[in-house]
Amino acid sequence: MMERIAVAKDFSMSRIVHGQMRMKDWKMSNRQMLGLFKELVEIGITTFDHADIYGNYECEAILGDVLSLEKTLREKIEIVTKCGIKLVSDKYPERKVKYYDYGYDHIIMSVNNSLKNFRTDRIDLLLLHRPAPFFDPEEAAKAFADLKKAGKVLHFGVSNFTPAQYETLNAYTEEKLVTNQVEISPYCLEHFENGNMDFFMKEKIRPMAWSPVAGGRLLNPHDPKGPGILRVLESVAEELNTSPVDKVIYAWLLKHPVKMMPIVGTGKTDRIKYAADALSVDMTLEQWYKIYIAARGKELP
Ligand SMILES: NC(=O)c1ccc[n+]([C@@H]2O[C@H](COP(=O)([O-])OP(=O)(O)OC[C@H]3O[C@@H](n4cnc5c(N)ncnc54)[C@H](OP(=O)(O)O)[C@@H]3O)[C@@H](O)[C@H]2O)c1
């Protein structure tokens, strides 16, 4: 069975998470999606990542529709969703600009909407989607406490936060935040450089890694930044006697001692399985650095 990451005393997530932001692009019927999700659960991928805004506010309800086809599935998965970004959308015609809202009322309203969309009575993990220049941690913490008391949200975390932003909110919440979901891939090294990775190690926080194959750009030979990295990924794949390169990218993420949880965004079963297979790829430290150096575009000092 797949490794699980305990992020709290009473809460664990599957090491590989399935991201459902692009589910409208998969062009699958609800029945087909049910088949996919059951297959994922069977191989141990039980954590599904959402946000209120995905698919112009429509993806959460698609998962809800799928879950309604087989009631027992809800008990086998963990639902992660996010709140706080207010999109300009035909769903909210009065909104003239995209902005962030972490006020008490918005967080409560957003969670109530998500519960209705998913057709469930609880969210396993709620994340604040992005840090905001206008942010009152006391209000967010009060919303968290009330949602927890009502049993509507079981655990809380953040996404795209810096260590200082994480610590600030953590200082106000009754329970510790359980994770920070950030972008990590050979295409995006930002968190190796901004102190976040050191903070995760120090605090024993296991981050969730979004866009692990950079939304497909890492595998696109025509991407302006991709080909240099892709060539090295291919040579490491050859050294490891494995294929395709997707697996090497996931192995690179999984090798890091921070124990991140890659969020795989494809709807294709074989591609999702490459992430699970990568758990048994034994990459050397030198191979890890080959990829890191190709990703940063220059030798280490
Ligand atoms: N917290 C945040 O701010 C944030 C931001 C973005 C995303 N996320 C979360 O992270 C999840 C993953 O993000 P993501 O979808 O950008 O991740 P990703 O897994 O890096 O990218 C998925 C995309 O890459 C394509 N792809 C995968 N393997 C490929 C291959 N071998 N060749 C060509 N294309 C390939 C997929 O196409 P196919 O479907 O055709 O395979 C899909 O369009 C999202 O679903 C969401 O849950 C969070």
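Thresholds applied
- Residues numbered from 1 in each chain as written.
- Predicted model: local features only at pLDDT ≥ 70, side-chain atom pairs only at ≥ 80, totals over all residues.
- Heavy atoms only, no water.
- Helix = DSSP H or I, 4+ residues; strand = E, 2+ residues; numbered from the N terminus.
- Buried < 20%, exposed > 50% of the residue type's maximum accessible area, 1.4 Å probe, protein only.
- Pairing = 2+ DSSP bridges.
- Patch = residues over 30% accessible without salt bridge, like charges linked within 9 Å, V, L, I, M, F, W, Y side chains within 5 Å.
- Areas by Shrake-Rupley, 256 points an atom, 1.4 Å probe, with all protein chains shown as cover.
- Salt bridge = Lys/Arg side-chain N within 4 Å of Asp/Glu carboxyl O.

Student: Go over unusual backbone geometry with me, naming the residues and quoting the values.
Tutor: That bond from Ser-243 to Pro-244 is cis: its omega, -5°, falls within 30 degrees of zero. A positive phi angle, close to 55°, is found at Ala-214, a residue other than glycine. By secondary structure assignment, the location of Ala-214 is in the loop between β11 (208-210) and α9 (226-239).

Student: Give me the pairing of strand β10 (residues 180-183): which residues, what numbers.
Tutor: Every second residue of β10 is oriented toward a common face, with Asn-180 and Val-182 on one face and Gln-181 and Glu-183 on the other, all of them buried. Bridge count between strand β9 (residues 153-159) and β10: 2 bridges; the pairing is parallel. Paired with Ser-159 across the strands is Gln-181, a residue of β10. Of the pairings in the sheet, the one linking β10 to β11 comprises 3 bridges and is parallel in character. Its bridge partner being in β11, Glu-183 is matched across the sheet by Trp-210.

Student: Describe in detail a nonpolar patch on the surface, supporting the description with residues and values.
Tutor: On the surface, a nonpolar cluster with roughly 270 Å² of combined accessible area is contributed by Leu-285, Tyr-289 and Leu-300. Inspection of the secondary structure puts Leu-300 in the segment after α12 (285-296). Using a relative accessible area of 37% as the deciding quantity, one classes Leu-300 as partly exposed.

Student: Give me the pairing of strand β8 (residues 123-128): which residues, what numbers.
Tutor: Taking burial as the measure, the 6 residues of β8 include 6 buried ones, the bulk of the element. Pairing of strand β5 (residues 78-83) with β8 involves 4 bridges; the strand directions are parallel. Following the sheet pairing, Lys-82 is matched in β8 by Leu-127. Here 5 bridges tie β8 to β9, and the two strands are oriented parallel to one another. Paired with Ile-123 across the two strands is Val-153, which belongs to β9.

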